[in-house]
Amino acid sequence: MERLIDEQLGILRDKLLLLGGTTESALRNAMQALTGRDSKLAKKVVKDDKIVNKMELEIDRLCIEIIARYQPAAYDLRFVISVAKITPVLERIADHAANIAEAALVLNNEPQHREFVDLPFMAEVAGEMLSDSLNAFTTEDGELSRQVIKRDKEIDRAYDKVFGELIEMMIEHPALTNGAAHLLFVAKHLERIGDYVKDICELNVYLTEASFIKHSKKK
Amino acid sequence: MGSKINIKNLNFFYGADQALFDISLKIPERQVMAFIGPSGCGKSTFLRVLNRMNDTIPIAKVSGTVKIDGKDIYAPKTDVVALRRKVGMVFQKSNPFPKTIFENVAYGIRINRMHKDKTDLEERVEKALKDSALWDEVKDRLNTSAFGLSGGQQQRLCIARALAVQPEVILMDEPASALDPIATQKIEELVVELKEHYTIAIVTHNMQQAARVSDRTAFFMLGKLIEVNPTERMFTHPDEKLTEDYITGRFG
Ligand SMILES: Nc1ncnc2c1ncn2[C@@H]1O[C@H](COP(=O)(O)OP(=O)(O)O)[C@@H](O)[C@H]1O
Ligand SMILES: [Mg+2]
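Residues numbered from 1 in each chain as written. Chains lettered and ligands numbered in written order. Predicted model: local features only at pLDDT ≥ 70, side-chain atom pairs only at ≥ 80, totals over all residues. Heavy atoms only, no water.

1. Concerning the packing of helix H4 (residues 119–138) of chain A against helix H6 (residues 177–209) of chain A
Residue and element names in this part refer to chain A.
1) Next: Contact geometry of H4 with H6 gives a least axis separation of 9 Å together with a crossing angle of 20°. One way to sum up the angle between H4 and H6 is to call them roughly parallel. Handedness of the H4/H6 crossing: left-handed. Contacts between H4 and H6 involve Leu119, Met122, Ala123, Ala126, Met129, Leu130, Ser133, Ala136 and Phe137 from the first element and Leu183, Val186, Ala187, Leu190, Glu191, Ile193, Gly194, Val197, Ile200, Cys201, Asn204 and Leu207 from the second. (Axes fitted to C-alpha atoms, helices over the stretch in contact; angles between N-to-C directions. Helix = DSSP H or I, 4+ residues; strand = E, 2+ residues; numbered from the N terminus. Parallel < 35°, antiparallel > 145°, perpendicular 65-115°, else oblique. Left-handed = near helix turned anticlockwise from the far one by under 90°. Contact = heavy atoms within 4.5 Å.)

Next comes the structure, spelled out in structure tokens:
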């Protein structure tokens, strides 16, 4: 039997996935703008962040409407709450992508002195984690979510390495300090994105298994 | 918190038709336990088992044990009148007597000879009306007919009538299902207040009502107890798929 609420939950799911997809491409494009020194693309990423903000508002509104109209319970309730909590996380990830694009705009005006150390690797892991986290959400896959949570460590390790290398670069080539500092920002943004994806996965686990793991010790 | 009522392996029959199947359940003292489930699943039958209201049905047959405060209420020497005083009941349709407001509440006190004198009787009536949150609305017209009250007031009068004989357990069978939202809210507030002193079992087909007022919820289907859990758990993450399907309206 199709319930009245089912159609609304379907719409909500689609909207969240659309937001997720938009966020994924924002990250991909921001990194492409950086490594490909493509300022036009960087500007587009910065501009498109407004679309993400609008999507966030729409999802918020729909969550509230569903709660008010249908008083969801059990899985339905957890689903709506999860969407309401995942949405601002995606919005923040998109913010970080826009910040990376802004860094790219600065860096693209400077001569490129060096490869981008491990930044593309970090971005690749972050992108994969993000896409897995959204897949895990739609397929209600708690196991996949737990795997993604573990991968955050890869990003953290890469961040530590990038950090060390960039500090070294600043010391050895004081003239590159400005560029290195901006690359450091990018690294920090990617590291934060990893943390946010981890948050999404923790919400997935809540949705599928109804246990919050964020503040519990047994991770 | 100890359990007030302890039901073990309860089976109930209307003649050859079994209405309740092997139900074991504990109802904690001074809490509200809500009973939900599709129509005809045996909620009312179950409630009536708890104060032996089913005794009036000739074909009814019970097996298993129902203990209140550790005493088997189906033991042969049970004083059924005393039992029904201890375990009061409020029904879906308010059913005041065709008498004054005062007399409706005084009735149980009188037949049980609980009062010392007229003043004591008046005090008991006043207390019951206060405890049922009706006093302020009726204190100036105690000697007018109970039928002059609104539906919600009549229902609270029935609660006052139940409270007047100083019960310990109150059974409520869909007490708000015939009331408008405001009257319903008053009943719900009252239920939550009453649990400070009473153990309450409430049947409701309004899931949100169960979620709002109860500490624990029991879900019945086809005469079987499917699940009982703390209400918060029941409405966020029930253990049983059947419960999940019922409270999310997946089957009708
Ligand atoms: N007095 C009765 N005599 C025979 N069968 C009854 C009687 N009362 C209820 N039943 C039957 O017992 C089952 C449970 O009914 P009831 O306890 O009223 O369910 P609920 O309150 O959950 O709607 C139903 O099949 C109903 O038809
Ligand atoms: Mg009934």
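2. Topic: the packing of aromatic side chains
1) Next: Going through the model one piece at a time under the given rule, you end up with nine aromatic pairs over all chains.
2) Next: Look at A:Phe79 and A:Phe137: their rings are 5.6 Å apart centre to centre, the planes differ by 20°, and that puts the pair in the stacked class. Of this pair, A:Phe79 sits in helix H3 (residues 74–107) while A:Phe137 sits in helix H4; the two residues are 58 residues apart in sequence, bridging distant segments of the chain.
3) Next: Residue class for A:Phe137 comes out buried when judged on its relative accessible area of 2%.
4) Next: Between B:Phe35 and B:Phe46 the ring centres are 5.1 Å apart and the planes differ by 45°, which places this aromatic pair in the tilted class. Of this pair, B:Phe35 sits in strand S3 (residues 32–36) while B:Phe46 sits in helix H1 (residues 43–49); the two residues are 11 residues apart in sequence, bridging distant segments of the chain. (Phe/Tyr/Trp six-rings, centres within 6.5 Å; stacked < 30°, edge-to-face > 60°. Buried < 20%, exposed > 50% of the residue type's maximum accessible area, 1.4 Å probe, protein only.)

3. Structural notes on helix H7 (residues 181–194) of chain B
Residues and elements named next belong to chain B.
1) Next: Counted at 1.5 Å a residue, the expected span for H7 with its 14 residues is 20 Å, and the 20 Å between its end C-alpha atoms agrees.
2) Next: Listing the buried residues of H7 in full gives Ala183, Thr184, Ile187, Glu188, Leu190, Val191 and Leu194. Projection of H7 onto a plane perpendicular to its axis shows the buried side chains occupying an angular sector of 160°, all on one side. Opposite the buried face of H7, by more than 90 degrees, sit the exposed residues Pro181, Ile182 and Glu193.
3) Next: Taking the backbone nitrogen of Ile182 as reference, a side-chain oxygen 2.9 Å away marks Asp180 as the first, capping residue of H7. (Expected span 1.5 Å × (residues − 1). Arc of directions from axis to C-beta. Polar contact = N/O pair within 3.5 Å; in protein donor to acceptor, adjacent residues only side chain to side chain.)

4. Considering the site of ligand 1
Residues and elements named next belong to chain B.
1) Next: Close to ligand 1 lie Tyr14, Ala19, Pro38, Ser39, Gly40, Cys41, Gly42, Lys43, Ser44, Thr45, Arg48 and Ile57.
2) Next: One nitrogen or oxygen atom from the main chain of Gly42 is found 3.0 Å from an oxygen atom belonging to ligand 1.
3) Next: Taking Ser44, its side chain carries an N or O atom lying 2.8 Å from an oxygen atom of ligand 1.
4) Next: For ligand 1, whose accessible area on its own is 560 Å², the fraction buried by protein is 59%.
5) Next: In terms of residue count, H1 provides more of the shell around ligand 1 than any other element does, four residues in total.
6) Next: In the shell around ligand 1, the residues fall into five nonpolar, five polar and two charged. (Near = heavy atom within 4 Å. Areas by Shrake-Rupley, 256 points an atom, 1.4 Å probe, with all protein chains shown as cover. Nonpolar A, V, L, I, M, F, W, Y, C, P; charged D, E, K, R; others polar.)

5. Structural notes on the sheet that holds S3(B)
Sheet strands pair by backbone hydrogen bonding; their relative direction is either parallel or antiparallel.
All names here are of chain B.
1) Next: Ordered in space as S6-S7-S8-S3-S9-S10, the six strands form an open sheet in which the pairing is mixed. Two strands in the sheet have a free side with no partner beyond their single neighbour: strand S6 (87–90) and strand S10 (224–230). Each adjacent strand pair in this sheet contributes to an overall mean axis angle of 20°, direction not counted.
2) Next: Sheet contacts for helix H6 (residues 151–164): S6 and strand S7 (169–173); angle to S6, the most-contacted strand, approximately 170°. (Pairing = 2+ DSSP bridges.)

6. Concerning the interface of chain B and chain A
1) Next: Taken residue by residue, the interface counts 11 residues in chain B and 12 residues in chain A.
2) Next: Taken together, the two surfaces of chain B and chain A that pack against each other cover about 890 Å², and 51% of this comes from carbon and sulfur.
3) Next: Among the residues of chain B in contact with chain A, B:Thr236, B:His237 and B:Arg250 are the three that bury the most area, contributing 44% of the side total.
4) Next: Inspection of the region where chain B meets chain A yields one salt bridge.
5) Next: When the shortest N-O distance is used, the salt bridge between B:Arg250 and A:Asp76 registers 3.4 Å.
6) Next: One can count five residue pairs in polar contact (both at pLDDT 80 or more) joining chain B with chain A.
7) Next: For the side of chain B that touches chain A, the elements supplying multiple residues, two or more each, are helix H9 (231–236) and helix H10 (241–247) of chain B.
8) Next: Residues of the side of chain B that touches chain A, tallied by class, amount to four nonpolar, five polar and two charged. (Buried area = accessible area lost by both parts, 1.4 Å probe. Salt bridge = Lys/Arg side-chain N within 4 Å of Asp/Glu carboxyl O.)

7. Some points on the packing of helix H1 (residues 4–35) of chain A against helix H2 (residues 39–70) of chain A
Residues and elements named next belong to chain A.
1) Next: Direction vectors running N to C along H1 and H2 enclose 165°, while the axes themselves pass 10 Å from each other. Taken together, H1 and H2 sit at an angle that is classed as roughly antiparallel. The interaxial crossing formed by H1 with H2 has left-handed handedness.
2) Next: Grouping the constituent residues of the contact of H1 with H2 by class yields 21 nonpolar, four polar and two charged.

8. Quick look at the layout of surface pockets
Residue and element names in this part refer to chain B.
1) Next: As a volume, the largest pocket reaches approximately 500 Å³.
2) Next: Around the largest pocket sit 18 residues that line it, and Arg84, Met89, Tyr107, Arg161 and Val165 are the ones nearest its centre.
3) Next: For the lining of the largest pocket, the secondary structure elements donating two or more residues are helix H2 (80–86), S6, helix H3 (101–111) and H6.
4) Next: Split by residue class, the lining of the largest pocket holds 11 nonpolar, four polar and three charged. (1 Å grid on protein atoms, 1.4 Å probe; cavity = no way out; pocket = protein on both sides within 12 Å on 5 of 7 lines; lining within 4 Å. Points joined across faces, edges and corners; volume = space filled by probe spheres on them.)

9. A few points about the pairing of strand S2 (residues 17–28) of chain B
All names here are of chain B.
1) Next: Looking at chain direction, strand S1 (residues 3–14) and S2 are connected through eight bridges and run antiparallel. Its bridge partner lying in S2, Phe12 is registered against Leu20.
2) Next: Linking S1 back to S2 in an antiparallel pair, the connection comprises two residues, with Gly15 at a positive phi of about 60°.

10. Focus: the sheet that holds S2(B)
All names here are of chain B.
1) Next: With antiparallel pairing, the four strands of this open sheet are ordered in space as S2-S1-S4-S5. Among the strands making up the open sheet, the edge pair consists of S2 and strand S5 (71–72).
2) Next: As judged from the two bridges shared by strand S4 (residues 60–68) and S5, these two strands associate in the antiparallel manner. Across the sheet, the residue bridging to Lys67 is Asp72, located in S5.

So yeah, pure geometry; function would need other evidence.
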